[in-house]
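Breakdown of the fold
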Amino acid sequence: MTTLPPARYSGAAIALHWIIAALLLFQIGLGWALEELPKGVAQFTGYQFHKSVGIAILLFSLARLAVRFAKPRPAPVPASKAQTLLASAVHAALYGVMILGPLTGWVIVSTAKVRLQTMLFGTVPWPDLPVSAALHDPAEGLHGLLAFVGLLLIALHVAGALYHHFKREDVIGRMMPAAIASHKAVGIAAVVAIVGGFLAMTAGRSMTFAPTLPTAPVVEPSSSDMPDIEEPPAAASDVAVEAEPSAVASELAASAKASPWKLEKGGRLGFTAEYSGEAIRGTFNRWDAAIVFDPDDLPGSSIRVTIDLASVESGDGQRDDMLKGESFFGTAAQPQARFVSSAIRKRGEGRYVANGTLSLHGKSRPVAVNFALKIDGNKAIASGSTTLQRLAFGVGESEFSATDQMKDAVGVDFTLKATRQGD
């Protein structure tokens, strides 16, 4: 026996149809909005959101395609051969846009010079495609074209549905819930759907992505005196983190005077960078310092700092994943950065400079760290800063090697409290 076709599409098909329609129109509007965003944190956040919506469209479209083959559909409306071919071509092309649009975007981010980890809505990591970099430019051209093709196809699809509706052929009603049954109710629902689609595209076009980080001026290289040391407050800033206690560094003691010091909780190790004129501040959650120091025995004093680069926090999880990637810190191959002093000299009352070597991203370079120190019995408070040239360490290469967009100079600052050991 032949099963009669249903009067309307299945509930899953109806739900997916309208979800995809709204997302597609929103995404097209969002794509136009991104072209006008200024470079910086806002643009980075916007493109991450655009990628998230694109993957959602891809997944919903694949589900819709599966439902199309798994569930029976209403019988085609009687029409001329030309109308039937046009309707079939528009439907097939719409599926192409729904799937190829996100796929070409996926290829673009997978072959970009700077690989930015895709985090779906800032939460779920999404992998890159294992495709050749030669596909980047073709995918980019096709991706932009598909937005205009998609709009044209949607307009044709709506026009065809309205044409049948005005002929009192129940085409729109088949893609509506069963509660919307009368011809008049279907007409009202169609108008609501068209207005909703326009609002979805307008919402995407109107999206703004304000920076979510506190900003601060970039620390510039300076040979001027360090500021006076003050007791750091319990919560110096909303991005402050605790430094892990140091292991006792007695093995580094080079004389009877220079004593090892143990870090106390409440320290901060941070950095400030400038991207497209916007100052961005970050910190490291996990770092350790082995300190042997006495102001009367500087030759016997030493400092060794180890930083867990994967603990970076800049106020944006997506940017943090980018910083951990191979174009920046490359934590998969080089998970730590290390500073080892070679000489410490006095610059003034309570002020010092530690010359040494910083190893970062597989490269080692000389670095001088200015710091101010206040010792009260067996307690000490220190703060300091230095300026690194990121490109000297291969940090932020390829697309970010242009210093007009991302400045080469990166300020590093720290505050810490420590207790003398061994007394």
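Residue numbers here run from 1 along each chain, matching the order of that chain's written sequence. Only residues with pLDDT of at least 70 are given local features in this predicted model, and only at 80 or more are side-chain atom pairs given and counted; all residues enter the totals for whole chains, interfaces and linings. For the side-chain quantities, the full set of heavy atoms in the structure was used; hydrogens and water were omitted.

Details of the overall build of the chain
- Put simply, DSSP H or I for four residues or longer makes a helix, DSSP E for two residues or longer makes a strand, and each gets a number counted from the N terminus. Along the backbone of the chain there are 6 helices and 13 strands.
- For each residue, the accessible area found with a 1.4 Å probe, counting protein chains only, is set against the maximum for its type, and the residue is called buried under 20%, exposed over 50%, and partly exposed in between. By the burial criterion, 46% of the 423 residues in the chain qualify as buried.
- Methods summary: accessible areas were calculated by the Shrake-Rupley approach with a probe of 1.4 Å, and residue burial reflects only the protein chains presented. Carbon together with sulfur atoms contributes 62% to the accessible area of the chain, which is approximately 21600 Å² in total.

A look at the packing of helix H3 (residues 81-110) against helix H4 (residues 136-166)
- Where H3 contacts H4, the two axes come as close as 8 Å, and the packing angle between them is 145°. Seen along the crossing, H3 lies across H4 with a hand that is left-handed.
- Polarity classes work like this: nonpolar for Ala, Val, Leu, Ile, Met, Phe, Trp, Tyr, Cys and Pro, charged for Asp, Glu, Lys and Arg, and polar for all others, with Gly in that last group. Looking at side-chain class alone, the contact of H3 with H4 contains 15 nonpolar, 9 polar and 1 charged residues. To obtain an axis, a line is fitted to C-alpha atoms, over the contacting stretch when the element is a helix, and the angle between two such axes runs from 0 to 180 degrees between their N-to-C directions. Crossing handedness follows the turn of the near helix against the far one: under a right angle anticlockwise gives a left-handed crossing, and clockwise gives a right-handed one.

A word on the packing of aromatic side chains
- Geometry of aromatic contacts follows a simple scheme: Phe, Tyr and Trp rings, the Trp one being its six-membered ring, pair when their centres are within 6.5 Å, and the pair is stacked under 30 degrees between planes, edge-to-face over 60, tilted otherwise. Applying the stated criterion across every chain, the model contains 9 aromatic pairs.
- Their ring planes at 45° and their centres at 6.5 Å tell us that tryptophan 32 and phenylalanine 148 sit as a pair that is tilted. Within this pair, whereas tryptophan 32 is found in helix H1 (residues 11-34), its partner phenylalanine 148 is found in helix H4, the two being separated by 116 residues in sequence.
- On the basis of relative accessibility, which here comes to 26%, the residue tryptophan 32 falls in the partly exposed class.

Details of the pairing of strand E9 (residues 336-348)
- Any two strands are treated as partners once DSSP identifies two or more bridges connecting them. The pairing of strand E7 (residues 302-308) with E9 spans 5 bridges and is classified as antiparallel. Within E9, the position partnered with isoleucine 307 by the bridge is alanine 337.
- By the bridge criterion, 9 bridges tie E9 to strand E10 (residues 351-360) in an arrangement that is antiparallel. Its bridge partner being in E10, isoleucine 344 is matched across the sheet by alanine 354.

Let's talk about the side chain of threonine 331
- Among the structural elements, threonine 331 can be located in the loop between helix H6 (317-324) and E9.
- Residue classification places threonine 331 among the buried positions, given a relative accessible area of 15%.
- Note on contacts: a residue pair is in contact if any heavy atoms of the two residues lie within 4.5 Å. Once residues within four sequence positions are removed from consideration, threonine 331 is found in contact with Leu309, Ala310 and Lys324.

Notes on the pattern of salt bridges
- When a carboxyl oxygen of Asp or Glu lies within 4 Å of a side-chain nitrogen of Lys or Arg, that pair is called a salt bridge. Scanning all chains against the criterion turns up 4 salt bridges.
- Glutamate 264 is paired through a salt bridge with lysine 379; the nearest N and O atoms lie 2.9 Å apart. Note that glutamate 264 is positioned in the loop between strand E3 (259-263) and strand E4 (268-275) and lysine 379 in strand E12 (residues 379-389), a separation of 115 residues in sequence.
- Since its relative accessible area comes to 45%, lysine 379 is described here as partly exposed.
- Close ionic contact of arginine 286 with aspartate 308 constitutes a salt bridge, the shortest N to O distance being 2.7 Å. You can see arginine 286 sitting in the loop between strand E5 (278-284) and strand E6 (287-293) and its partner aspartate 308 sitting in strand E7, a full 22 residues away along the chain.
- For aspartate 308, a relative accessible area of 22% corresponds to the partly exposed category.

Regarding the environment of threonine 45
- Relative to the assigned elements, threonine 45 resides in helix H2 (residues 41-70).
- Along the chain, threonine 45 and aspartate 316 lie 271 residues apart, while their C-alpha atoms are 8.7 Å from each other.

Considerations on the confidence of the model for the chain
- A score from 0 to 100, pLDDT tells how confident the predictor is in each residue. Scored by pLDDT, the chain comes out at a mean of 81, with 84% of its residues at no less than 70.
- When the criterion is pLDDT under 50, residues 211-256 qualifies, and its contacts beyond four places in sequence or with other chains add up to 104 contacts.

Quick word on the pairing of E3
- Counting buried positions over the 5 residues of E3 gives 4, a clear majority of the element.
- Of the strand pairs in this sheet, E3 and E6 are connected by 3 bridges, and their pairing is antiparallel. In the strand pairing of E6, serine 259 is matched with phenylalanine 293.
- Here E3 pairs with strand E13 (residues 409-420) via 3 bridges, running antiparallel. Bridging across to E13, leucine 263 finds its partner in alanine 418.

Concerning the nonpolar core
- Note on terminology: a nonpolar core comprises buried Ala, Val, Leu, Ile, Met, Phe, Trp, Tyr and Cys residues joined through side-chain atoms within 4.5 Å. Counting 45 residues, the largest nonpolar core has Phe293 and Phe371 as its most contacted members.
- When residues of this core are assigned to their parent elements, the largest contribution, 5 residues, is made by E13.
- One finds Ile20, Leu24, Ile28 and Tyr95 within the second-largest nonpolar core, a separate group that totals 19 residues.

Re unusual backbone geometry
- A positive phi angle, near 60°, is found at arginine 168, a position not held by glycine.
- With a relative accessible area of 62%, arginine 168 lands in the exposed category.
- Backbone geometry places histidine 361, a non-glycine residue, at a positive phi of 55°.
- Mapping histidine 361 onto the fold places it in the loop between E10 and strand E11 (363-376).

Points about the environment of isoleucine 194
- Within the secondary structure, isoleucine 194 sits in helix H5 (residues 183-205).
- The spatial distance from the C-alpha of isoleucine 194 to the C-alpha of valine 158 is 8.3 Å, given a sequence separation of 36 residues.

Details of H5
- In a regular helix each residue adds 1.5 Å, so 23 residues correspond to 33 Å; H5 covers 33 Å between its end C-alpha atoms and thus fits that length.
- Among all positions in H5, only Val186, Gly187, Ala189, Ala190, Gly197, Ala200, Met201 and Gly204 are buried. To estimate how far a helix should reach, multiply one less than its number of residues by 1.5 Å.

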